[in-house]
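Each chain, letter by letter, is given below.
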Amino acid sequence: SLRHALLRREFVLYYQPKINLHTREIVGVEALIRWHHPDRGLLLPAQFVPIAEDCGLILPIGRWVLQEVCKQARAWLQAGLPPITIAINASAIEFRAKNFIENIRTTLEDVRLDPRYLEIELTESILMQDAESTNSVLRALADLHIKLAIDDFGTGFSSLSYLRQFPINSLKIDKSFVNRMTRNADDATIVKAVISMGKSLRQCIIAEGVETPEQYAFLLAHECDEGQGYYFARPMAAEDMANLLRSGVPLSL
Ligand code: C2E
Ligand code: MG
Ligand code: MG
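Residues numbered from 1 in each chain as written. Chains lettered and ligands numbered in written order. Predicted model: local features only at pLDDT ≥ 70, side-chain atom pairs only at ≥ 80, totals over all residues. Heavy atoms only, no water.

This part takes up the packing of helix α5 (residues 100–111) against helix α7 (residues 131–143). Two elements in contact, α5 and α7, have axes whose closest approach is 10 Å; the angle formed by their N-to-C orientations is 10°. What the angle tells us is that α5 and α7 run roughly parallel. Residues Phe100, Ile101 and Ile104 of α5 lie in contact with α7, whose contacting residues are Val137, Ala140 and Leu141. (Axes fitted to C-alpha atoms, helices over the stretch in contact; angles between N-to-C directions. Helix = DSSP H or I, 4+ residues; strand = E, 2+ residues; numbered from the N terminus. Parallel < 35°, antiparallel > 145°, perpendicular 65-115°, else oblique. Contact = heavy atoms within 4.5 Å.)

Written out as structure tokens, the structure reads:
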């Protein structure tokens, strides 16, 4: 049924805001795919993305996500909503595909979206696989003025020298560290160290999975830049996201 899902328009994108922790303004959104399965209801990525990766369907699905996100970003801009960055997640297979950059470039052109509004989220393991080819793809993205975020930071293996060399705009601290940092001294140390390392490398630091006021207070106290999580807002349908953007930031917590 995954094979038919694209044609039958069963995929939908949800959007979750990224918040500037100091001003509480929405500075960006992340697009997260969902599948309205005809029999099984709303499915999360964990239930179908790995299968799509295994059978290669992640490539057409990824192209759909990119197109949808670019159209959405342009529609929000045209509706006069505050300009924000929209992030998409890319799998290793997409990132390694020969036409990855070309596809992004032509989609942006077709939709007439300024590339500075697009961000790509990649995990450490994707980036560290083959440093030389990775570097050239990342340079091409940067030349187009597309932003790059490292997703789930801290869960994979990162070479510190690549972290310095690659044109990385943001590090997203994995939610497992954020979840434990107010209860476990070791996690707190890791989060503080990532914040200070990222700052020294002039990268924006985003905490994923912020769920409690205590976590928010900890991140503010340690000068983390941005946050994302249920405490601020859950992933939501495009229309709800537009209303939230329109209703005016900053977010009242
Ligand atoms: P991710 O990019 O790390 O996305 C963050 C995940 O954490 C999302 O799960 C989000 O709904 C969830 N989340 C957000 N705030 C909180 C919180 O406060 N607490 C907790 N416990 N979770 C929170 P989701 O939407 O199920 O997506 C899971 C993963 O699937 C994503 O992880 C991403 O790697 C992948 N994914 C999502 N959309 C796409 C896509 O369009 N293409 C590809 N290739 N992968 C995607
Ligand atoms: Mg992500
Ligand atoms: Mg993540």
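Resuming the write-up.
The protein atoms that coordinate the magnesium ion (ligand 2) are Glu30 (OE), Asn89 (OD1), Glu121 (OE) and Asp151 (OD), at distances of 2.0 to 2.2 Å. When the donor residues of the magnesium ion (ligand 2) are listed from N- to C-terminus, their spacing reads E-x58-N-x31-E-x29-D. Between the magnesium ion (ligand 2) and the magnesium ion (ligand 3) the interatomic distance amounts to 4.3 Å, and Asp151 serves as a bridging ligand to the pair. Taken together, the residues Glu30 in strand β2 (residues 26–37) and Glu121 in strand β5 (residues 118–123) connect sequence positions 91 residues apart. Judged by its relative accessible area of 6%, Glu30 is buried. Given the relative accessible area of 1%, Glu121 is considered buried. (Donors = N, O, S within 2.8 Å, 3.2 Å for Na, K, Ca; no water. Buried < 20%, exposed > 50% of the residue type's maximum accessible area, 1.4 Å probe, protein only.)

Before going further, it helps to examine the coordination of the magnesium ion (ligand 3). All of the protein donors around the magnesium ion (ligand 3) are Asp151 (OD), Asp152 (OD) and Glu208 (OE); their distances to the metal are 1.8 to 2.3 Å. Each donor residue of the magnesium ion (ligand 3) lies on one chain, and together they are spaced D-D-x55-E.

Turning next to the pattern of salt bridges. Scanning all chains against the criterion turns up nine salt bridges. Glu109 is the partner of Arg105 in a salt bridge, and the nearest nitrogen-oxygen pair spans 2.9 Å. Note that Arg105 and Glu109 are positioned in helix α5 at a spacing of four residues, about one turn of the helix. Among the ionic pairs, Lys172 bridges to Glu121, the shortest N-O distance being 2.9 Å. Remark: Glu121 occurs in strand β5 and Lys172 occurs in strand β7 (residues 170–173); sequence separation between them is 51 residues. The same class applies to Lys172 and to Glu121, which are both buried. Connected via shared salt-bridge partners are Lys18, Glu30, Glu119, Glu121 and Lys172. (Salt bridge = Lys/Arg side-chain N within 4 Å of Asp/Glu carboxyl O.)

Turning our eyes to something else, we now look at the site of ligand 1. Within the structure, ligand 1 sits among 22 residues, and Arg34, Asn89, Asp151, Glu211 and Tyr230 are positioned closest to it. Arg34 is positioned with one of its side-chain polar atoms (N or O) 2.8 Å from an oxygen atom of ligand 1. Asp152 places a side-chain nitrogen or oxygen 3.1 Å from an oxygen atom of ligand 1. Alone, ligand 1 offers 810 Å² of accessible surface; in the complex the protein occludes 82% of this. Of all the elements in the fold, those that place two or more residues in the shell around ligand 1 are β2, α3 (58–78) and β6 (147–153). The greatest single-element share of the shell around ligand 1, amounting to four residues, is contributed by β2. Class assignment of the residues belonging to the shell around ligand 1 gives a composition of eight nonpolar, five polar and nine charged. (Near = heavy atom within 4 Å. Polar contact = N/O pair within 3.5 Å; in protein donor to acceptor, adjacent residues only side chain to side chain. Areas by Shrake-Rupley, 256 points an atom, 1.4 Å probe, with all protein chains shown as cover. Nonpolar A, V, L, I, M, F, W, Y, C, P; charged D, E, K, R; others polar.)

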